[in-house]
Amino acid sequence: MSNSTDFKLDSGFFKGSNAEWVARKDAITPRGVAVGQSFYADKALNAELWDIEGRRYIDFGSGIAVLNTGHRHPKIVAAIKEQLDHFTHTAYQVVPYASYVSLAEKIAQRAPGKSTKKVTFFTTGAEAVENAVKIARSYTGRPGVIAFNGAFHGRTFFSMALTGKVMPYKRGFGPFPGDVYHAVFPNPLHGVTTEDALASLAQLFKNDIDPARVAAFIFEPVQGEGGFNPAPADFVEGLRKIADEHGILLIVDEIQTGFARTGKLFASQAYNVEFDLMTFAKSLAGGMPLSGVCGRADVMDAPQPGGLGGTYAGNPLAVAAAHAVLDIIDTEKLEERAVVLGDRLKARLNGLKTKVPTIADVRGPGSMVAVEFLDPKTHAPDADFTKRVQAEALARGLMVLVCGVYGNVVRFLHPLTIEDTVFNEGLDILEAAILAA
Ligand code: PMP
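Reading guide: rules and limits
Residues numbered from 1 in each chain as written. Predicted model: local features only at pLDDT ≥ 70, side-chain atom pairs only at ≥ 80, totals over all residues. Heavy atoms only, no water. Pairing = 2+ DSSP bridges. Helix = DSSP H or I, 4+ residues; strand = E, 2+ residues; numbered from the N terminus. Axes fitted to C-alpha atoms, helices over the stretch in contact; angles between N-to-C directions. Contact = heavy atoms within 4.5 Å. Salt bridge = Lys/Arg side-chain N within 4 Å of Asp/Glu carboxyl O. Buried < 20%, exposed > 50% of the residue type's maximum accessible area, 1.4 Å probe, protein only. Expected span 1.5 Å × (residues − 1). Arc of directions from axis to C-beta.

1. Here's the deal with the sheet that holds strand β4 (residues 117-122)
In step 1: In spatial order, the strands read β4-β12-β11-β10-β7-β5-β6; together these 7 strands make up an open sheet with mixed pairing. Of all strands in the sheet, those with a lone pairing partner are β4 and β6 (180-183), marking the two edges. In this sheet, adjacent strand axes meet at a mean angle of 20° when their direction is disregarded.
In step 2: As paired elements, strand β11 (residues 277-280) and strand β12 (residues 291-296) share 4 bridges and run antiparallel to each other. From the neighbouring strand, Met278 faces β12, where its bridge partner is Cys294.
In step 3: Lying over the sheet, helix α4 (residues 98-110) contacts β4, β11 and β12, oriented at roughly 125° with respect to β4.
In step 4: Its contacts with the sheet place helix α8 (residues 233-246) against β5 (144-148), β7 (214-219) and β10 (249-253), and it is angled at close to 170° to β7.

2. Some words on the pattern of salt bridges
In step 1: In total, this model carries 24 salt bridges according to the counting rule given.
In step 2: As a salt-bridge pair, Asp51 and Arg55 come within 3.4 Å of each other at their nearest N and O atoms.
In step 3: Residue classification places Arg55 among the partly exposed residues on the basis of a relative accessible area of 43%.
In step 4: Residue Arg348 is joined to Glu431 by a salt bridge in which the shortest nitrogen-to-oxygen separation is 2.9 Å. You can see Arg348 sitting in helix α11 (residues 334-351) and its partner Glu431 sitting in helix α13 (residues 420-436), a full 83 residues away along the chain.
In step 5: A network of salt bridges, in which partner residues are shared, links Arg240, Asp244, Asp276, Arg296 and Asp298.

3. Side note on helix α7 (residues 194-207)
In step 1: The terminal C-alpha atoms of α7, which comprises 14 residues, lie 20 Å apart, in line with the 20 Å expected from a rise of 1.5 Å per residue.
In step 2: Within the sequence span of α7, burial applies to Thr194, Ala197, Ser200, Leu201, Leu204 and Phe205. Looking straight down α7, one finds its buried side chains confined to an arc of 140°; they lie on one side. Across from the buried face of α7, at angles greater than 90 degrees, the exposed residues are Glu195, Lys206 and Asn207.
In step 3: On its buried side, α7 packs onto β5, β6, β7 and α8.

Here it is as structure tokens:
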């Protein structure tokens, strides 16, 4: 084997103008992979990112909720480098490694609920969702799964079927797997109460599926793509009660809410309810692809040996990064930090309400914060205003993401490790952007 270290990625990869790369991208990658920005990343550190033309951006999007511990945290970089010097891949199901097992132990210890738990790892969030459904079906021997409108669970066939939004996720991609149903998710701002949501389940059981054929409910503690809509406690308690009445499992999808974002390691810790299965991904591994399912040991053990897994599932580099992430969350007290930062952000946004009546709602636990814009006269969702806020922020060097079934919500996913000075700079830009929109 050569010891040569002079291999370099195509040097042009790091150089050139943004416009040049946009043109090359348009010619070679399909439009279905819609790209948010027209600049190309060069390097990033904690909450800042620089493009290939040297422009700096403050990152309040964290690569869609993946970087609660920031870009390139030194402990994560060190953990990955250390693992690189041991091995990068064995396929866990072929040759196991201890770091996988000990990460599973750590997650099981920290997951909410009293029951004994087991944990397994995958690569993407959608894959975790698919496997949670496989496990639930295997345990119950039932086919049906009930999700909620506005939900996002992924882009693979089953997770796409569970997703409760047609555009852009489902159009043209059917038929979808059967036995998937959608109930109503509470949304007080839009007049949908917990009673409405629970009543919609009764309607489903009456009109569409016998509850005795339902394997699981799946829901997000705070809907992510759907608009940062928190699931009210009485709704979650109601769901648990209905699940227990009919022998249905409750799957909580923590893929966007997990790993200190909401002020707790898992958002579901806020409920007085035990969940049977939990999916997680994104911020678990600080930018490395890693996801998993944690659940009641008896449920997790339902699938036969060989029924679960995947070539890259629990990749060693990603597992090493995840150990570092859990350490950082503890040592840097990121659960508390999420609350401090989120409160500061919410205070700023609430302070703008009198000047900007389009601000209809500021919400979210910890640092899973959103601002929703409605036309003050008609109360219609104002997606145009929302787009202008995003564009005005970007022009001033702040990246924010939009979400919501009507595209009228700006969501904040700043790294929880962000420096105070950078965070305050971001808040100043945000305020200027909202006032200019
Ligand atoms: N579930 C939730 C709640 C998510 O937010 C996402 C991603 N936005 C997914 C599942 C799918 O994850 P992935 O894109 O890694 O497949």
